[in-house]
Amino acid sequence: METDQIVCVVGLGYIGLPTAAILAANGSTVIGVDVNERHVDEVNAGRVPFVEPDLESVVAGVVAQGRLRAQAQVPEAAIFIVAVPTPVTTTHEVDDSFVLAAADSIAPKLHGGELIILESTSPPGLTERMAERILALRTDLTGGSGESNSLYFAHCPERVLPGRIMVEIVSNDRIIGGVTPDAAERARELYATFCRGELLLTDARTSEMAKLAENSYRDLNIAFANELSVISDRLGIDVWELIELANHHPRVDILKPGPGVGGHCIAVDPWFIVAAAPDDARLVRLAREVNDAKPAFVLEQVLAKAARYRTPVIAALGIAFKADIDDLRESPSKAIVENLAIALAHGTLLVVEPNVSDLPDELAKLDNVELVDVHAAIGRADIVLVLVDHQPFKTLDRALLKEKVLVDTKGLFR
Ligand code: SAJ
């Protein structure tokens, strides 16, 4: 690949920005596009507008070298990577409006010969629909191959784990699904500039479904762990000991229960499969329902214990959606804290979240919620509710918890 060709990355979020940065660090000239002015300004100043280990040093370096810059408008480019959100609606339907809006903004910039890659998690068929949308706007161009006015479309789902993005973006294998085989070949050349994993070529629909299958696999297995935790609680069994013992079997590897499944991937993507095949996706739907029911179970557990106090003080350790990140989106822990604060007639909730400096709006507006440090929270608390296994909690002196009522959804203090 000509590494001095311009690559335009549309969407500078958790996936788009690391992708833009790693491409630039490996020789591409990259222009990042984002509708959020703050993201654009931060990136142009060499900063990262969210927490992700080791990303800022790469962004600062490539911005200083002039290999990455950000702007609000889509430029002309040889390659476009679309990395915008594909959320689900409250009725669990896929919202593809950001992808289609990106297609609309790219269409006027095309001349023929460009490669357009969708990295967003997509329901089967969305890459083809994005292509159709662009071709409907540009009837002078074609989706065929080899002509000077051809466009090339591919789906290449991101599979990096938040918190380890800069490691996994290089080391993970990648699936590249072409709408046409030569689109996949061209996309392979681009990813080969930075990806050390295997590059696995297929068609766009299979690639879209593979990404959904991966996250559903995980959701189903976490649902099993969460269901075991609820059953164990009813039967007076320590679920952590149970899982540890069962996992000694050479072919058993049960995942960890918790307060529920959060984030914008595993808690969302299985619904894409349900939406695509509602009558057949029975296990996938049930796993979502089991995991979505877990926060209410935890809430009931805490409320039952709080009922023993006239004005209970509860320390809630963690509101991020998982350990050691600042991401509060779709966080079951945050939802538990919010519902607990609303349900408590009297009493106080002391929130400990080492990765944020302010409470999110939905908690800040509640009178009985305070953000405090972990020692102050545990010192004042009657009940300690562990919601996230953040690193600083793991090293806490167990003696601090003596005389406290403990609800430990992560098995941290067993
Ligand atoms: N969780 C459990 N028990 C477990 C593992 C996870 O309750 O044993 C919970 C976490 O606390 C969290 C949620 O599940 O609330 C999801 O966390 P995660 O760390 O498993 O995954 P994500 O959502 O951060 O990232 C996933 C990854 N997918 C897979 O591992 C199959 C990542 O590789 C994907 O790139 C990402 O989704 C994505 O963007 O789709």
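In the block above lies the structure referred to throughout.
Residues numbered from 1 in each chain as written. Predicted model: local features only at pLDDT ≥ 70, side-chain atom pairs only at ≥ 80, totals over all residues. Heavy atoms only, no water.

Caption draft 1: Main features of the overall build of the chain. Counting its regular elements, the chain contains 15 helices and 13 strands. In the chain, which comprises 414 residues, the share counted as buried stands at 51%. The long-range fraction of contacts in the chain, counting pairs at least 24 apart against all pairs at least 6 apart in sequence, stands at 70%. Carbon and sulfur atoms make up 51% of the accessible area of the chain, which totals about 18,500 Å². Where the 38 positive side-chain charges of the chain centre and where its 60 negative ones centre are 5 Å apart. (Helix = DSSP H or I, 4+ residues; strand = E, 2+ residues; numbered from the N terminus. Buried < 20%, exposed > 50% of the residue type's maximum accessible area, 1.4 Å probe, protein only. Contact = heavy atoms within 4.5 Å. Areas by Shrake-Rupley, 256 points an atom, 1.4 Å probe, with all protein chains shown as cover. Lys, Arg positive; Asp, Glu negative; His and termini not counted. Charge placed at Lys NZ, Arg CZ, Asp CG, Glu CD.)

Caption draft 2: Expanded view of a nonpolar patch on the surface. Nonpolar side chains collect at one region of the surface, where Ile 231, Leu 235, Ile 237 and Leu 242 lie side by side and expose about 340 Å² of accessible area between them. Mapped onto the fold, Ile 231 is located in helix H8 (residues 204-235). When its relative accessible area of 40% is taken as the criterion, Ile 231 is described as partly exposed. (Patch = residues over 30% accessible without salt bridge, like charges linked within 9 Å, V, L, I, M, F, W, Y side chains within 5 Å. Salt bridge = Lys/Arg side-chain N within 4 Å of Asp/Glu carboxyl O.)

Caption draft 3: Representation of the packing of aromatic side chains. Counted under the stated rule, the structure contains two aromatic pairs. Consider the rings of Tyr 14 and Phe 50, whose centres lie 4.4 Å apart with planes at 25°: the pair is stacked. Of this pair, Tyr 14 sits in the loop between strand E1 (6-10) and helix H1 (16-25) while Phe 50 sits in the loop between helix H2 (37-44) and helix H3 (55-64); the two residues are 36 residues apart in sequence, bridging distant segments of the chain. With a centroid separation of 5.8 Å and an interplanar angle of 65°, the aromatic rings of Tyr 191 and Phe 194 are classed as edge-to-face. The ring of Tyr 152 has Arg 186 lying over it, and the distance from NZ or CZ to the ring centre is 4.6 Å. (Phe/Tyr/Trp six-rings, centres within 6.5 Å; stacked < 30°, edge-to-face > 60°. Lys NZ or Arg CZ within 6 Å of the ring centre and 35° of its normal.)

Caption draft 4: Quick look at the site of the ligand. Taken together, 20 residues sit near the ligand, with Glu 158, Val 160, Lys 211, Asn 215 and Lys 256 positioned nearest. At 2.5 Å, a side-chain N or O of Lys 211 approaches an oxygen atom of the ligand. One nitrogen or oxygen atom from the side chain of Lys 322 is found 2.8 Å from an oxygen atom belonging to the ligand. Protein chains bury 88% of the 770 Å² of accessible surface belonging to the ligand in isolation. At five residues, the largest contribution of residues to the shell around the ligand is made by H8. (Near = heavy atom within 4 Å. Polar contact = N/O pair within 3.5 Å; in protein donor to acceptor, adjacent residues only side chain to side chain.)

Caption draft 5: Highlighting the pairing of strand E5 (residues 115-118). The side-chain alternation of E5 yields two buried faces, one formed by Leu 115 and Ile 117 and the other by Ile 116 and Leu 118. Summarising the sheet, strand E4 (residues 79-82) and E5 pair through four bridges and their orientation is parallel. Looking at the pairing, Ile 79 lines up with Leu 115 of E5. One crossover worth recording links E4 to the parallel E5 by way of helix H4 (residues 97-106), and it is right-handed. Once the chain exits E5 it traverses helix H5 (residues 126-137) before rejoining the sheet at strand E6 (residues 152-155), and the crossover so formed is right-handed. (Pairing = 2+ DSSP bridges. Right-handed = clockwise from strand over helix to strand, strands pointing away.)

Caption draft 6: The arrangement of the layout of surface pockets in detail. When its volume is computed, the second largest pocket comes out at roughly 430 Å³. When residues in the lining of the second largest pocket are grouped by element, the largest group, six residues, is from helix H11 (residues 282-306). Grouping the amino acids of the lining of the second largest pocket by side-chain chemistry returns ten nonpolar, five polar and six charged. (1 Å grid on protein atoms, 1.4 Å probe; cavity = no way out; pocket = protein on both sides within 12 Å on 5 of 7 lines; lining within 4 Å. Points joined across faces, edges and corners; volume = space filled by probe spheres on them. Nonpolar A, V, L, I, M, F, W, Y, C, P; charged D, E, K, R; others polar.)

Caption draft 7: Looking closely at the sheet that holds E4. Pairing in this open sheet of eight strands is mixed, and the strands run E3-E2-E1-E4-E5-E6-E7-E8 from one edge to the other. Edge positions in the sheet fall to strand E3 (68-71) and strand E8 (199-203), since each has one partner strand and no second. Averaged over all neighbouring strand pairs, the angle between strand axes comes to 25°, with direction disregarded. Of the strand pairs in this sheet, E5 and E6 are connected by four bridges, and their pairing is parallel. Considered in E6, the bridge of Ile 117 is made with Ala 154. (Axes fitted to C-alpha atoms, helices over the stretch in contact; angles between N-to-C directions.)

Caption draft 8: The packing of H8 against helix H10 (residues 269-276), seen in detail. Remark: H8 packs on H10, axes separated minimally by 8 Å, with the N-to-C direction vectors making an angle of 115°. H10 is crossed by H8, and the crossing has left-handed handedness. Here H8 contributes Met 209, Lys 211, Leu 212, Ala 213, Asn 215, Ser 216 and Asp 219 to the contact with H10, which in turn contributes Asp 269, Pro 270, Phe 272 and Ile 273. Of the residues assigned to the contact of H8 with H10, the class counts are six nonpolar, two polar and three charged. (Left-handed = near helix turned anticlockwise from the far one by under 90°.)

Caption draft 9: Geometry of the pattern of salt bridges. According to the stated counting rule, one finds 17 salt bridges in the structure shown. Notably, a salt bridge pairs Glu 42 with Arg 47, separated by 3.2 Å at the nearest N-O pair. Given the relative accessible area of 41%, Arg 47 is considered partly exposed. A salt bridge links Asp 140 to Arg 138; its shortest N-O distance comes to 2.8 Å.

Caption draft 10: Here's a closer look at H8. The end-to-end C-alpha separation of H8 is 47 Å, in line with the 46 Å expected for 32 residues at 1.5 Å each. Among the residues of H8, the N-terminal cap falls to Asp 203, whose side-chain oxygen and the backbone nitrogen of Arg 205 are separated by 3.2 Å. Positive phi appears at Gly 236, one or two residues downstream of H8, with a value of about 70°. (Expected span 1.5 Å × (residues − 1).)

Caption draft 11: Expanded view of the sheet that holds strand E11 (residues 369-371). Taken in spatial order, the five strands line up as E11-E10-E9-E12-E13 in an open sheet, and their pairing is parallel. Looking at which strands have only one partner, the edges of the open sheet turn out to be E11 and strand E13 (405-408). The mean angle between the axes of side-by-side strands here comes to 20°, regardless of whether they run parallel or antiparallel. In this structure, strand E12 (residues 383-386) lies alongside E13, joined through four bridges in parallel fashion.

Read these as layout, nothing more, since geometry by itself doesn't imply function.
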